[in-house]
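Residue strings, one per chain:
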Amino acid sequence: MRMAYYPGCSLDGVGLEFNLSTRAVSKLLGLELWEIPDWNCCGASAAHTRDQLLALALPARNLALAEQEGLDVAVPCAACFNRMKVTELATRSSKETKDAISELIELPYEASNQARNLIDVMANVVGLEKIKEKVQKPLSGLKVACYYGCLLVRPPEITQFDDPEDPMSMDNIISSLGGEPVYWAYKVECCGASQTSALPKATVPLLHRIFQNAFENGADCLAVACPLCFINLDMRQGGVKKAFQGSYNLPIFYFTELMGLAFGVSPKELGLKKHFVDPMPLLNSKGILTRANAGREAV
Amino acid sequence: METVRLSSTLSSGKSFLEKVQTESQVNVRDCYQCGKCSAGCPFVEAMDYSSHKILRLLQLGQIETVLKSKSIWICSHCATCYTRCPKKVDIPRLMEFLRMEANRQGFIGEKTVNIFSNLFLTSVRLTGRVHEMGTMGFYNLLSGHLFQDVLSAPGLFFNGKITPIPHLIKNRKVIQKIFANTKQRQGES
Ligand code: SF4
Ligand code: SF4
């Protein structure tokens with residue numbers, strides 16, 4: 001299995017654990033990731049509110065570079081994924097748009113390949129059976145609220161992925177790892193990440209509602225698939241909890257970190273020590289790290 | 001919330017609504033005011049006019065009220081409304097267009113959102129990528145939110161998540177060219 005890989009700006013910075021864990025689990029699963037050489041920012045979260053053409057051109061260059069290799073693109077960041085899908089579909093919609101985009105990026109681009117988000121890649125390209133085979137330390141006893149947010153599933157005409165109101169792909173991955181996905185109501189609520197720096201006060205209630213609902217439904221932690229959601233839920237949790245006197249303490253994981261833990265990769269290698277809400281007490285209390293190891297030792 | 005003058009002219013509104021339709025493919029007359037969009041909007045408490053009210057104001061030709069609103073800057077384009085709307089009114093596209101139009105006319109309903117978008121795109125144009133520390137630092141200076149993220153930024157810095165050095169792509173000329181080509185094309189149309 002070989003796919004082009006578009007990490008996106010966040011995975012070089014605030015989302016670096018997502019990058020570390022994605023690379024670690026892909027390697028174990030035999031998924032070869034070809035990083036698009038000299039990829040550029042796709043403009044997500046700002047370009048589309050300024051200039052629709054620029055918002056198509058920036059992702060198009062990356063997609064065009066992958067197309068030259070004949071590869072689909074694995075995209076960890078939900079915001080990048082969404083902008084790439086918009087570009088891909090706009091390119092296919094009319095010759096006029098296609099030509100305009102090619103002229104702007106000065107590269108041929110036919111949109112013959114496609115962008116796929118990482119949950120989709122793991123659940124449907126790699127497959128749940130393969131994931132189950134690799135589990136060394138099952139996540140049994142860990143209750144996980146799978147949080148998808150907006151941009152992976154909405155609008156469904158663009159994302160063409162799972163159910164926009166009740167997606168299950170990430171829940172199925174967690175089950176395959178031996179974990180227990182909880183049934184909860186806020187898996188596709190917006191956490192306000194794109195506005196969290198500019199309008200921090202306005203995003204506090206959004207975050208609280210998500211934490212509270214996960215907590216009420218018995219979750220020990222949240223699993224996410226987007227660096228913007230992650231940093232918003234992880235970094236702001238302390239402040240939100242204080243503002244609402246919440247009684248929750250919910251470590252946030254990239255779903256790829258949970259995959260890595262279940263595959264026996266060490267917390268350090270996955271970047272788990274970099275979280276604001278320390279996940280180690282939870283992992284220790286569930287005995288996941290010390291769990292009898294069926295084969296491969298933790299690195 | 002301001003009171004709305006319903007007597008203002010509907011005719012000047014008409015040509016504006018045509019422009020809305022051409023540029024965002026939204027026909028505001030499609031909306032039958034069921035309110036489902038506003039019921040699920042995550043930012044509804046922070047907005048001065050909820051999304052179905054924005055649509056009603058447009059239907060009534062109250063263009064300036066809409067362009068001066070905070071709502072069009074607060075919307076996160078999460079598409080909850082669009083996914084649920086029984087008439088498939090693409091509100092996030094409409095909100096994007098309205099924000100661009102307000103910007104062109106000099107109405108900036110939420111200054112901080114505007115500053116943030118400008119910095120983000122400047123970073124992309126200059127380096128090809130977003131430089132988080134630079135963007136955050138300049139943002140705090142320009143917005144006056146000097147102490148925002150102060151509690152988290154050192155943490156981010158020490159765990160190696162943000163660095164003072166921007167990630168530059170090699171082919172920065174290509175990116176600047178894309179910006180220039182886009183600008184030129186916009187000028188022509
Ligand atoms: S959900 Fe659609 S039809 Fe209903 S008020 Fe909102 S825009 Fe109008
Ligand atoms: S897209 Fe904007 S208006 Fe619609 S639900 Fe999301 S924040 Fe509200």
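Residues numbered from 1 in each chain as written. Chains lettered and ligands numbered in written order. Predicted model: local features only at pLDDT ≥ 70, side-chain atom pairs only at ≥ 80, totals over all residues. Heavy atoms only, no water.

## Thoughts on the domain arrangement of chain A
Residues and elements named next belong to chain A. Its domain assignment divides chain A into domain 1 (2-117) and domain 2 (129-298). Here domain 1 and domain 2 have C-alpha centroids that lie 24 Å from each other. Facing 25 residues of domain 1, the contacting portion of domain 2 comprises 33 residues. Summing both sides of the interface, domain 1 and domain 2 together bury roughly 2,400 Å²; the carbon and sulfur share of this comes to 74%. Broken down residue by residue, the surface that domain 1 buries against domain 2 is led by E17, L28 and L29, which jointly contribute 26%. Between the two partners, domain 1 and domain 2, sit zero salt bridges. The tally of links from domain 1 across to domain 2 stands at five residue pairs in polar contact (both at pLDDT 80 or more). Looking at the side of domain 1 that touches domain 2, the elements that each hand over two or more residues are α1 (16-29) and α3 (78-93). Along the lines of polarity and charge, the residues of the side of domain 1 that touches domain 2 split into 16 nonpolar, seven polar and two charged. (Domains from an automatic or database assignment. Contact = heavy atoms within 4.5 Å. Buried area = accessible area lost by both parts, 1.4 Å probe. Salt bridge = Lys/Arg side-chain N within 4 Å of Asp/Glu carboxyl O. Polar contact = N/O pair within 3.5 Å; in protein donor to acceptor, adjacent residues only side chain to side chain. Helix = DSSP H or I, 4+ residues; strand = E, 2+ residues; numbered from the N terminus. Nonpolar A, V, L, I, M, F, W, Y, C, P; charged D, E, K, R; others polar.)

## Examining the site of ligand 2
Taken together, the neighbourhood of ligand 2 is formed by C41, P42, C75, S76, H77, C78, A79, T80 and C81 of chain B. Residues belonging to the shell around ligand 2 are distributed by class as follows: six nonpolar, three polar and no charged. (Near = heavy atom within 4 Å.)

## Some remarks on the site of ligand 1
Residue and element names in this part refer to chain B. Near ligand 1, the surroundings consist of 14 residues, among which C31, C34, G35, C37 and C85 are the closest. Every element with two or more residues in the shell around ligand 1 is listed here: α2 (36-40) and α3 (51-59). Partitioned by chemical class, the residues of the shell around ligand 1 number nine nonpolar, three polar and two charged.

## So, the confidence of the model for chain B
On average, chain B scores 79 in pLDDT, and the residues at 70 or more come to 71%. Low pLDDT (under 50) marks residues 145-151 of chain B, which in the prediction has 16 contacts with non-local residues, meaning those over four places away or in another chain. (pLDDT = per-residue confidence, 0-100.)

## What about the packing of aromatic side chains?
If you walk through the whole model with that rule in mind, you get eight aromatic pairs over all chains. When the centroid spacing of 5.2 Å and the interplanar angle of 40° are considered together, the rings of F211 of chain A and Y248 of chain A count as tilted. Highlighted residues: F211 of chain A in helix α8 (residues 200-216) and Y248 of chain A in the loop between α10 (237-244) and β8 (252-254), separated in sequence by 37 residues. By relative accessible area, Y248 of chain A is classed as buried at 0%. Summarising the aromatic geometry, the rings of F215 of chain A and Y248 of chain A are spaced 6.5 Å apart at their centres and angled 70° between planes, so their arrangement reads as edge-to-face. Within this pair, whereas F215 of chain A is found in helix α8, its partner Y248 of chain A is found in the loop between α10 and β8, the two being separated by 33 residues in sequence. One residue, K88 of chain B, lies across the ring of Y82 of chain B, its end atom 4.7 Å from the ring centre. (Phe/Tyr/Trp six-rings, centres within 6.5 Å; stacked < 30°, edge-to-face > 60°. Buried < 20%, exposed > 50% of the residue type's maximum accessible area, 1.4 Å probe, protein only. Lys NZ or Arg CZ within 6 Å of the ring centre and 35° of its normal.)

## Focus: the interface of chain B and chain A
Contacts between the two partners involve 59 residues from chain B and, on the opposite side, 60 residues from chain A. In this assembly, chain B packs against chain A so that about 5,000 Å² is buried in total across both faces, 57% of it on carbon and sulfur atoms. Summed over the shared surface of chain B and chain A, the number is five salt bridges. At the junction of chain B and chain A, the tally comes to 13 residue pairs in polar contact (both at pLDDT 80 or more).

## Digging into the pairing of strand β7 (residues 221-224) of chain A
Residue and element names in this part refer to chain A. Neither face of β7 is open: one carries C221 and A223, the other L222 and V224, and all of them are buried. Bridge count between strand β5 (residues 143-146) and β7: three bridges; the pairing is parallel. Each bridged residue has a counterpart across the sheet, and for V144 the counterpart in β7 is C221. Here β7 pairs with β8 via three bridges, running parallel. Bridged to L222 within β8 is I252. (Pairing = 2+ DSSP bridges.)

## Side note on the sheet that holds strand β6 (residues 180-181) of chain A
Residue and element names in this part refer to chain A. Taken in spatial order, the four strands make up an open sheet running β6-β5-β7-β8, and their pairing is parallel. The open sheet has two free edges, formed respectively by β6 and β8, since each of these has just one partner strand. Where helix α11 (residues 255-262) meets the sheet, its contacts fall on β5, β7 and β8, and the angle it forms with β8 comes to roughly 80°. (Axes fitted to C-alpha atoms, helices over the stretch in contact; angles between N-to-C directions.)

## Remarks on the pairing of strand β2 (residues 32-35) of chain A
All names here are of chain A. With four bridges joining them, strand β1 (residues 2-5) and β2 adopt parallel strand pairing. Within the sheet, the bridge partner assigned to M3 lies in β2 and is L33. The β-α-β motif built from β1, the intervening α1 and the parallel element β2 has right-handed crossover chirality. (Right-handed = clockwise from strand over helix to strand, strands pointing away.)

## Points about the nonpolar core
A general tendency of soluble globular proteins is for nonpolar side chains to be buried together. Residue and element names in this part refer to chain A. Core analysis: the largest hydrophobic core is formed by 112 residues, its most contacted members being M122, L177, L222, L233, F255, L258 and M259. Counting residues per element, this core draws most heavily on helix α2 (residues 52-68), at 10 residues. Leaving out residues up to four positions away in the same chain, M122 has contacts with V25, S26, L29, L31, G127, I131, I173, F255 and M259. (Core = buried A, V, L, I, M, F, W, Y, C linked by side-chain atoms within 4.5 Å.)

## Describing the packing of α2 of chain A against helix α4 (residues 95-105) of chain A
All names here are of chain A. Look at α2 against α4: their axes get within 9 Å of each other, and the N-to-C directions meet at 75°. The angle between the axes of α2 and α4 places the two elements in the roughly perpendicular class. Contacts between α2 and α4 involve L53, L56, A57, A60, R61 and A64 from the first element and T97, I101, L104 and I105 from the second. Here the contact of α2 with α4 is composed, by residue class, of eight nonpolar, one polar and one charged. (Parallel < 35°, antiparallel > 145°, perpendicular 65-115°, else oblique.)

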